[in-house]
Amino acid sequence: MAALAARTVALLRLGRFGEVLQIVRTGQEMAEKNGSNPWLLNFREAWLRTLALDFEGVLRLCEFIMRPGAEYPTSQPKAIASVAAGYAELDRGRFDEALEYFRQVRDPQRTPKFFLHWFWRMTAQLGLSNVWLESGNIANARLEADAFLQSALSTADPQVQALAWEMNARVAMAEENWKSAEEGVHNGLAIVERFEVPVAAWRVHATAWDFYRHAKDESAAESNRSCAEAAILAIANSFLSHDPLRRSFLSALPVRRVLDKAPTPALAHGRV
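The rules behind the values
Residues numbered from 1 in each chain as written. Predicted model: local features only at pLDDT ≥ 70, side-chain atom pairs only at ≥ 80, totals over all residues. Heavy atoms only, no water. Salt bridge = Lys/Arg side-chain N within 4 Å of Asp/Glu carboxyl O. Buried < 20%, exposed > 50% of the residue type's maximum accessible area, 1.4 Å probe, protein only. Helix = DSSP H or I, 4+ residues; strand = E, 2+ residues; numbered from the N terminus. Contact = heavy atoms within 4.5 Å. Axes fitted to C-alpha atoms, helices over the stretch in contact; angles between N-to-C directions. Parallel < 35°, antiparallel > 145°, perpendicular 65-115°, else oblique. Left-handed = near helix turned anticlockwise from the far one by under 90°. Nonpolar A, V, L, I, M, F, W, Y, C, P; charged D, E, K, R; others polar. 1 Å grid on protein atoms, 1.4 Å probe; cavity = no way out; pocket = protein on both sides within 12 Å on 5 of 7 lines; lining within 4 Å. Points joined across faces, edges and corners; volume = space filled by probe spheres on them. Phe/Tyr/Trp six-rings, centres within 6.5 Å; stacked < 30°, edge-to-face > 60°. Lys NZ or Arg CZ within 6 Å of the ring centre and 35° of its normal.

Within this structure, the stated rule accounts for 20 salt bridges. The salt bridge partner of Arg 94 is Glu 97, with a shortest N-O separation of 3.6 Å. Of the residues examined, Arg 94 reaches a relative accessible area of 39% and is grouped as partly exposed. Its relative accessible area of 32% is what places Glu 97 among the partly exposed residues. Several salt bridges share partner residues, and in doing so they unite Glu 56, Glu 89, Arg 92, Arg 94 and Glu 97 into one network.

Looking at the secondary structure, you find Ala 162 in helix α9 (residues 158–175). The spacing of Ala 162 and Ala 3 is 159 residues in sequence and 28 Å in space, taken between C-alpha atoms. When near neighbours in sequence (up to four residues on either side) are disregarded, Ala 162 contacts Gly 188, Ile 191, Val 192, Ala 200 and Val 204.

The geometry of helix α8 (residues 138–153) relative to α9 is characterised by a closest axis approach of 9 Å and an angle of 155 degrees between their N-to-C directions. Between α8 and α9, the interaxial angle falls into the category roughly antiparallel. For the crossing formed where α8 meets α9, the hand is left-handed. Each of Ile 138, Ala 141, Arg 142, Ala 145, Asp 146, Phe 148, Leu 149, Ala 152 and Leu 153 in α8 lies in contact with α9, whose residues at this interface are Val 160, Gln 161, Leu 163, Ala 164, Trp 165, Met 167, Asn 168, Val 171, Ala 172, Ala 174 and Glu 175. Residue composition of the contact of α8 with α9, by class: 15 nonpolar, 2 polar and 3 charged.

At Leu 53, a residue that is not glycine, the phi angle is positive and equals roughly 65 degrees. Checked against the element boundaries, Leu 53 lands in the loop between α3 (39–51) and α4 (55–65). Judged by relative accessible area, which is 9%, Leu 53 ranks as buried.

What follows is about empty space enclosed by the protein. By the definition in use, this model includes 2 cavities of 30 Å³ or more. Residue lining of the second largest cavity: 11 residues in total, with Asn 37, Trp 39, Ile 65, Arg 67 and Tyr 72 positioned closest to the centre. Elements that contribute at least two residues to the lining of the second largest cavity include exactly α3 and α4. Per element, the largest residue contribution to the lining of the second largest cavity is 3 residues, and it comes from α3.

Right, let's talk about the packing of aromatic side chains for a bit. The relation between two aromatic rings is expressed through the spacing of the ring centres and the mutual angle of the planes. Overall, the coordinates contain 10 aromatic pairs when judged by the stated rule. Between the aromatic rings of Trp 118 and Phe 119, the centroid separation amounts to 6.0 Å while the plane-to-plane angle is 85 degrees, which identifies the pairing as edge-to-face. According to the relative accessible area criterion, Phe 119 is buried, its value standing at 6%. Taken together, the aromatic side chains of Trp 47, Trp 118, Phe 119 and Trp 120 make up a single cluster linked through ring pairs. Directly above the aromatic system of Phe 64 lies the positively charged group of Arg 67, at a separation of 4.2 Å from the ring centroid. Between Arg 213 and the ring centre of Trp 209, over which it is positioned, the NZ or CZ distance is 4.2 Å.

Written out as structure tokens, the structure is:
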């Protein structure tokens, strides 16, 4: 189980969500036959659903994992559930509630350390940046985005770094600081062109699409929108065609914006 769980981390980074789901399902079936608890694979499914933007599915799964009498530590699923709840509240426009959920993950008194704790703390920091930006508090969005970028650059994780530059570009566009926005776009694109990180790539290209449309460079804009669409479809097509999670991912608002070529504001599509 530990080996399978480690493999799923790599596959999540590569955007091969369907393969992760197959591993999780097979492992869960084997565990049920053996009378054991596939807790580690359940954690991975919660992570997968977060990246697939199925926040309600995350909350249902984590509620099951953290049921009374749970055999294994619940700090990780609690943090994942808080991140999902934060984004679910953000989608509803309930900014105060979203802020509280993300702050829970970053508060060491309420969320003790666990394996990969640093990653979920940074994910929550990105969530805070998104809440401040979408609520119109650009000053706080800038503070959080700068802090997230500093944290991201202290790691060797290209996905996190690409998302940090993308977040900074969106904040800069909201500030109408086009030079800084261009820097964020260029740095984000440089990372996703060098590394295979489709989960970050479609967001970076979507923000580049917005930037180049503002710059009236329609060729560059459409090229980046097409790249975002390709990354999205590569992720979606890793699922079986009839899988509900595939449909859920493709119907998520930030994904539909790219596929439908909807010219909505850049700040509306930033996610984990």
